[in-house]
Amino acid sequence: MKAIVNTHYGSPDLFQLTEVATPTPADDEVLIKVQAVSVNRSDWEGLTGKPLYARLGGLLKPGSHSQILGSDVAGRVVAAGSNHHQFHPGDDVFGEMWDYHGGFAEYVCTRGRAWALKPPRLTFEQAAAIPQAGVIALQGIRTHGQVQPGQHVLINGAGGGAGSFAVQLAKLDGAEVTAVDNTGKLDFLRALGADHVIDYTHEEFTKTGQRYDLILDVVAHRSAFAYRRVLKPNGRYFAVGGSVATLLQIALLGPWMSRAVGKHIRVLVVQRTQKDLLAISELCEAGAIVPVIDRRYPLREVPDALRYLGAGRVKGKVVITMDENNVT
Ligand SMILES: NC(=O)c1ccc[n+]([C@@H]2O[C@H](COP(=O)([O-])OP(=O)(O)OC[C@H]3O[C@@H](n4cnc5c(N)ncnc54)[C@H](OP(=O)(O)O)[C@@H]3O)[C@@H](O)[C@H]2O)c1
């Protein structure tokens, strides 16, 4: 099969479209013919090897199991191991590869834990856009954020994958939403429903004097004390991604700060569940939330898709499609 392979950490120039062996499903796995796979910031991190946590698959260079990136896949089951009872050949399915790898290829194998049947009214491309970003938003806004109507919610890094779902979900749940991202994404954020926008290249949201009931932070890089300052009493702050230093500080000091001042400051470790994948995709199928696809690229153009992401221009999601007639 064809796959996009990277054997070193660095830039998208290192990606190569390569012929590799088609994977064989283990007894408890299915083999899926990939129809679409979305690009996440985690792919950029896996490509560049930064932050450090992106090197779990190999400290100096990607290990042999980590050389194909791509985590959010939608496709059709073409074979099932003898001990796999969840999906069957012919099923259209979608979900996230547990280790963030394997998706930039014509076929993947998975046990399918936390995967689901693709909702019929969603295209493969829409379905591939949902798993990682949609579930981050669902758990950040609903499960842990517990947003109530009228509450003030700030989403930092709102114009990307997780943020574009989170803005829509917070609005759906009746919040007043402030969305933070770069200058080129502010109109996009307003179109998603944001009530207020902040351009992070000109203004620091921790210094505006505003206070929030919930902050969902996709790109945490300030001190935990700065975040505590902009929370209302009993407010909640969740870091989903960001610098290792900030995430470590929040993980270490967050519980202590929460006890001391009654504000909840935590790193959100997302749990992948089929229930949550279905919950967010049902909202998409019903049209209550739109999985925003900025661009579609064919498999051979994964390097261009990653360059576009790395240049800070993606609004919502970028999707790799195997349907060359569907490229925009
Ligand atoms: N905690 C968990 O369990 C878990 C699970 C999965 C993934 N993750 C992590 O969650 C993150 C998900 O991100 P994503 O896929 O939504 O990323 P994304 O699509 O790249 O979105 C991030 C957005 O933040 C913007 N941004 C960059 N620097 C900023 C700043 N200083 N202030 C405000 N906005 C800024 C980016 O804009 P520019 O274009 O200007 O850069 C981009 O629009 C990744 O870091 C991933 O590793 C965490």
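Residues numbered from 1 in each chain as written. Predicted model: local features only at pLDDT ≥ 70, side-chain atom pairs only at ≥ 80, totals over all residues. Heavy atoms only, no water.

For the protein, the count of helices and strands is nine helices and 15 strands. Taken over the C-alpha atoms alone, the protein extends approximately 55 × 45 × 35 Å along its principal axes. Taken across its 328 residues, the protein has 53% of its residues classed as buried. For the protein, the share of sequence-separated contacts (at least 6 apart) that also reach a separation of at least 24 residues comes to 68%. A total of about 14300 Å² of accessible surface is found on the protein, and carbon and sulfur atoms cover 52% of it. (Helix = DSSP H or I, 4+ residues; strand = E, 2+ residues; numbered from the N terminus. Buried < 20%, exposed > 50% of the residue type's maximum accessible area, 1.4 Å probe, protein only. Contact = heavy atoms within 4.5 Å. Areas by Shrake-Rupley, 256 points an atom, 1.4 Å probe, with all protein chains shown as cover.)

Neighbouring residues of the ligand: 25 residues in total, closest Arg 41, Glu 45, Asp 181, Tyr 200 and Leu 268. Val 270 is positioned such that a nitrogen or oxygen atom in its backbone is 2.8 Å from an oxygen atom of the ligand. Out of a free accessible area of 940 Å², the ligand has 87% covered by protein chains. The class makeup of the residues in the shell around the ligand is eleven nonpolar, ten polar and four charged. (Near = heavy atom within 4 Å. Polar contact = N/O pair within 3.5 Å; in protein donor to acceptor, adjacent residues only side chain to side chain. Nonpolar A, V, L, I, M, F, W, Y, C, P; charged D, E, K, R; others polar.)

Once that is clear, we can look at helix α3 (residues 131-143). Helical periodicity: at 3.6 residues per turn, an α-helix aligns residues three or four positions apart in one direction. A rise of 1.5 Å per residue sets the reference length of α3, with its 13 residues, at 18 Å; its end C-alpha atoms lie only 16 Å apart and thus fall more than 12% short of the reference. Across the 13 residues of α3, eleven count as buried, placing the element largely inside the fold. (Expected span 1.5 Å × (residues − 1).)

Once that is clear, we can look at the nonpolar core. If you look at the biggest cluster of nonpolar residues, it comprises 46 residues, and the most contacted ones within it are Ile 141, Ile 155 and Ile 280. Taken together, the elements giving at least two residues each to this core come down to α2 (124-129), α3, β8 (152-156), α4 (161-172), β9 (176-181), α5 (186-192), β11 (212-217) and α8 (274-285). Sequence-distant contacts of Ile 141, defined by excluding residues within four places in its chain, comprise Gln 146, Val 147, Val 153, Ile 155, Ala 166, Leu 169, Ala 170, Asp 173, Leu 214 and Leu 216. Counting 32 residues, the second largest nonpolar core, distinct from the first, contains Ala 3, Val 5, Trp 115 and Ile 320. (Core = buried A, V, L, I, M, F, W, Y, C linked by side-chain atoms within 4.5 Å.)

Within this structure, the stated rule accounts for two aromatic pairs. Relative to Tyr 227, the ring of Phe 205 lies with its centre 6.2 Å away and its plane at 20°, an arrangement referred to as stacked. One end of the pair, Phe 205, is in the loop between β10 (196-199) and β11; the other, Tyr 227, is in helix α6 (residues 224-229), with 22 residues separating them in the sequence. Judged by relative accessible area, which is 4%, Phe 205 ranks as buried. Ring centres 4.2 Å apart and planes at 15° place the aromatic pair Tyr 227 and Tyr 237 in the stacked group. Taken together, the positions of Tyr 227 in helix α6 and Tyr 237 in strand β12 (residues 231-239) put the pair ten residues apart, joining distant regions of the chain. On the basis of relative accessible area, Tyr 237 is assigned to the buried category, the value being 0%. Residue placement shows Lys 118 over the ring face of Phe 124; its charged tip is 4.9 Å from the ring centre. Looking at Arg 295, its charged tip hangs above the ring of Tyr 308, at a distance of 3.9 Å from the centre. (Phe/Tyr/Trp six-rings, centres within 6.5 Å; stacked < 30°, edge-to-face > 60°. Lys NZ or Arg CZ within 6 Å of the ring centre and 35° of its normal.)

So, on to a nonpolar patch on the surface. Taken together, the side chains of Leu 52, Tyr 53, Leu 59, Leu 60, Val 244, Leu 248 and Leu 252 make up a nonpolar region of the molecular surface, amounting to roughly 760 Å² of accessible area. Following the sequence through the fold, Leu 60 ends up in the loop between α1 (41-48) and β4 (72-80). (Patch = residues over 30% accessible without salt bridge, like charges linked within 9 Å, V, L, I, M, F, W, Y side chains within 5 Å. Salt bridge = Lys/Arg side-chain N within 4 Å of Asp/Glu carboxyl O.)

Spatially, β10-β9-β8-β11-β12-β13 is the arrangement adopted by the six strands of the open sheet, whose pairing is parallel. Every interior strand has two partners, whereas the edge strands, β10 and β13 (264-267), have only one. Pairwise comparison of adjacent strand axes, ignoring direction, gives a mean angle of 15° for this sheet. As judged from the five bridges shared by β8 and β9, these two strands associate in the parallel manner. The residue of β9 that forms the bridge with Asn 156 is Val 180. Set on the sheet, α3 makes contact with β8, β11 and β12; between it and β11 the angle comes to about 165°. (Pairing = 2+ DSSP bridges. Axes fitted to C-alpha atoms, helices over the stretch in contact; angles between N-to-C directions.)

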